[in-house]
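As a plain string of letters, each chain reads:
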Amino acid sequence: MAKVTRDDVARLAGTSTAVVSYVINNGPRPVAPATRERVQAAIKELGYRPDRVAQAMASRRTDLIGMIVPDARQPFFAEMAHAVEQAASERGKMVLVGNSDYVGDREVHYLRAFLGMRVSGLILVSHGFNDLAAAEIEAWDARVVLLHERPESIDDVAVVTDDIGGAQLATRHLLEHGNAYVACLGGTADTPSVGDPVSDHVEGWRRAMQEAGLSTEGRLFEAPYNRYDAYQVALGLLAGPDRPPAIFCSTDDQAIGVLRAARELRIDVPGGLAVAGFDDVKEAGLTDPPMTTVASDRSAMARAAVDLVLDDSLRVAGSRRERLKLFPSRLVVRQSCGCA
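This one's a predicted model, so the numbers in the text were calculated from it and none came from an experiment.

J.: Tell me about the overall build of the chain, residues and numbers included.
T.: Scanning the chain from terminus to terminus reveals twelve helices and twelve strands. Counting only residues that meet the buried cut, the chain has 51% of its 340 residues in that class. Across the chain, the fraction of contacts at a sequence separation of at least 24, relative to all contacts at a separation of at least 6, is 70%. Element-wise, carbon and sulfur atoms account for 49% of the exposed surface of the chain, whose accessible area totals about 16300 Å².

J.: So, the sheet that holds strand β8 (residues 246–249): which residues are in play, and what are the values?
T.: Spatial strand order, β7-β6-β8-β9: four strands in an open sheet with parallel pairing. Unpaired on one side and paired on the other, β7 (220–221) and β9 (274–276) mark the two borders of the sheet. Pairing analysis gives two bridges linking strand β6 (residues 183–185) to β7, with the strands arranged parallel. Paired with Leu185 across the two strands is Phe221, which belongs to β7.

J.: Can you tell me about the packing of helix α8 (residues 163–176) against helix α9 (residues 197–211), naming the residues and giving the values?
T.: Taken N-terminus to C-terminus, the directions of α8 and α9 make an angle of 45 degrees; their axes are 7 Å apart at the nearest point. If you check the angle between α8 and α9, you find them oblique. Along this stretch, α8 crosses α9, giving a crossing that reads as right-handed. Where α8 abuts α9, its residues Asp163, Ile164, Ala167, Gln168, Thr171, Arg172 and Leu175 lie against Pro197, Asp200, His201, Glu203, Gly204, Trp205, Arg207, Ala208, Met209 and Glu211. The class makeup of the residues in the contact of α8 with α9 is seven nonpolar, four polar and six charged.

Criteria and thresholds
Residues numbered from 1 in each chain as written. Predicted model: local features only at pLDDT ≥ 70, side-chain atom pairs only at ≥ 80, totals over all residues. Heavy atoms only, no water. Helix = DSSP H or I, 4+ residues; strand = E, 2+ residues; numbered from the N terminus. Buried < 20%, exposed > 50% of the residue type's maximum accessible area, 1.4 Å probe, protein only. Contact = heavy atoms within 4.5 Å. Areas by Shrake-Rupley, 256 points an atom, 1.4 Å probe, with all protein chains shown as cover. Pairing = 2+ DSSP bridges. Axes fitted to C-alpha atoms, helices over the stretch in contact; angles between N-to-C directions. Parallel < 35°, antiparallel > 145°, perpendicular 65-115°, else oblique. Left-handed = near helix turned anticlockwise from the far one by under 90°. Nonpolar A, V, L, I, M, F, W, Y, C, P; charged D, E, K, R; others polar.

Structure (structure tokens):
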């Protein structure tokens, strides 16, 4: 069987190949609804499949969006990547995901790889974005949207949640349960001090403690973001002589590790230890006890990031309408804090 061409579609639909292209590419010129229906019917009847490689070569852009996350094994990043994929699919795009593993060189590796593929844009969940990555983006004149984090070394559009305000909500709630103070599991020594969500979570905890007239001295503990290493940190903290009455964790994954450590040490949660996390991953509702945490609208954030990265105005100097889209945080009360 001979390969079906765009000419065949145009002939059956009674229109030009240019109009067929406008329908397939959804632009750049509008097509009358009746004509669009004829073209789509002809495509279906003939079984026409556009040559995406040829389209990409002609437009110097693919139907791909590149997304770089620190670690897709962590539930928060996995759920965020899934939300971005769903939003991109609604716009007729596919998503390529790369894991930086919190390593700057790996982030640059994926930046170069995705930009070399002529992706339509990049959505970056960056950890301490480095100058080399920023220079790479500038050299390629790439469409970039920062999601979840807003590092200092790149001046671009960002979609974030109110991390400071959310951490304040969680810490205040733990204090309202009558706890003498709240300890905090923050990040590690290399966690960026500005623009990083975990740093903002620590700042929100610090502000809530200060509002209550409580000292934060000696009550902030370094811990990796994942449950496995946080579990090890929690074992040492909870088995020590100065066990805190309550802990606010900068991520839900850390909080899951704390709950596991408490169970092993036979510490009742919330009777002997109150716990709250941040992110509201799906697993937070299945922990024992169910975890109190802070949530943001990940689906809305993902849609905003996709819409922004496909916005042609991002490539026009001085035309950016919004440099920061800030989504509110909300407290999700379950049982790990002491609520019934």
